[in-house]
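Structural description and commentary
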Amino acid sequence: MKMPAALNTPQAPEAFTRLLAIVDELREKCPWDQKQTMESLRHLTIEETFELSEAIMDGDMTEVKKELGDVLLHILFYARIAAEKQAFTITEVIQALCEKMIYRHPHIYGQQEAQDSKAVEQNWEKRKLQENKNRSVLGGVPNSLPSLIKAARMQEKARRVGFDWQAKEAAWQKVQEEMEELRQEVKQLSPTPAQQEKVQEEFGDLLFALVNYASFVEVNPENALEKANKKFTRRFQHVEQQVAQQGKQLSQLSPQELQRYWEEAKK
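Calculation criteria
Residues numbered from 1 in each chain as written. Predicted model: local features only at pLDDT ≥ 70, side-chain atom pairs only at ≥ 80, totals over all residues. Heavy atoms only, no water. Core = buried A, V, L, I, M, F, W, Y, C linked by side-chain atoms within 4.5 Å. Buried < 20%, exposed > 50% of the residue type's maximum accessible area, 1.4 Å probe, protein only. Helix = DSSP H or I, 4+ residues; strand = E, 2+ residues; numbered from the N terminus. Contact = heavy atoms within 4.5 Å. Patch = residues over 30% accessible without salt bridge, like charges linked within 9 Å, V, L, I, M, F, W, Y side chains within 5 Å. Areas by Shrake-Rupley, 256 points an atom, 1.4 Å probe, with all protein chains shown as cover. Salt bridge = Lys/Arg side-chain N within 4 Å of Asp/Glu carboxyl O.

Before going further, it helps to spend a moment on the nonpolar core. Formed by A171, V175, L182, V199, L206, A209 and Y213, the largest nonpolar core amounts to seven residues. Elements with a minimum of two residues in this core: α9 (168-187) and α10 (193-216). Considering every element that reaches this core, the biggest residue donor is α10, with four residues. Excluding residues within four positions of it along the chain, V175 makes contact with L206, A209, L210 and Y213.

A surface patch of nonpolar side chains, about 370 Å² in accessible area, is lined by W172, F203, L207 and L210. Looking at the nonpolar patch, the element that brings in the most residues is α10, giving three residues. In this structure, L207 sits in helix α10.

Moving on: the environment of F236. Among the secondary structure elements, F236 is positioned in helix α11 (residues 221-245). In the structure, F236 is positioned 26 residues away from W262 in sequence and 7.1 Å away in space, judged by C-alpha atoms. Ignoring anything within four residues of it in the chain, the contact list for F236 reads L250 and W262.

Let us now look at the side chain of E202. With respect to the helices and strands, the residue E202 is situated in helix α10. Taking relative accessible area as the criterion, E202 reaches 6% and is therefore assigned buried. Setting aside residues up to four positions removed in sequence, E202 forms contacts with E178, E181, L182 and E185.

Written as structure tokens, this is what we have:
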């Protein structure tokens with residue numbers, strides 16, 4: 001059965017209304033749901049978001065559907081708690097989102113033109129700044145984001161207002177410069193805290209430059225690293241299996257033997 005391409009299917013309003021009713025009923029009757037607060041749900045929401053991310057990386061659409069449902073449930077739960085505090089309702093959340101989407105897409109809902117996605121991004125950031133007077137372009141990047149994702153988001157926002165290298169060659173040259181600076185610091189590495197801090201600083205600069213270069217070659221650095229993690233896991237577990245079949249521990253094999261199994265795993 002071919003799925004509909006649009007979100008707004010004939011069954012969508014009925015399904016959403018049913019879900020709202022279930023969330024209300026659980027909040028009123030279930031002891032676990034009754035005791036939850038925004039604060040108690042927060043860490044669970046983070047967990048659900050990571051599970052969704054993993055399903056997306058695995059390309060498992062069945063799991064993506066399931067995890068999207070879990071995230072949606074959390075959104076509605078927060079809105080229900082807010083309604084109890086007379087702060088806002090889910091209707092207000094949706095209406096505010098609709099207004100924001102319309103305002104930030106003047107090339108669709110207004111007279112402004114945008115020939116490509118870059119122009120759309122630039123218009124988006126300009127309108128965000130207009131909404132938040134005197135706010136930094138980087139103000140919308142949460143401090144709690146993982147550092148790799150945060151670096152990519154900061155650079156993306158700066159890029160949207162024209163603050164970036166003009167060509168990928170210049171970005172790559174910056175990577176090479178940072179690599180050489182790190183190499184020089186490592187050469188004179190001493191056990192002093194000051195020198196260790198300097199090496200860490202240069203290492204961070206190199207990572208930041210690599211994240212920047214990733215945008216020029218259309219690579220998402222977070223996705224790239226996660227795929228590398230999965231590849232390493234798959235190959236390392238192959239090594240573990242081969243060693244286990246010999247009735248041995250990894251520590252009992254020579255580096256040469258371990259390398260041989262590693263090369264096997266790469267095939």
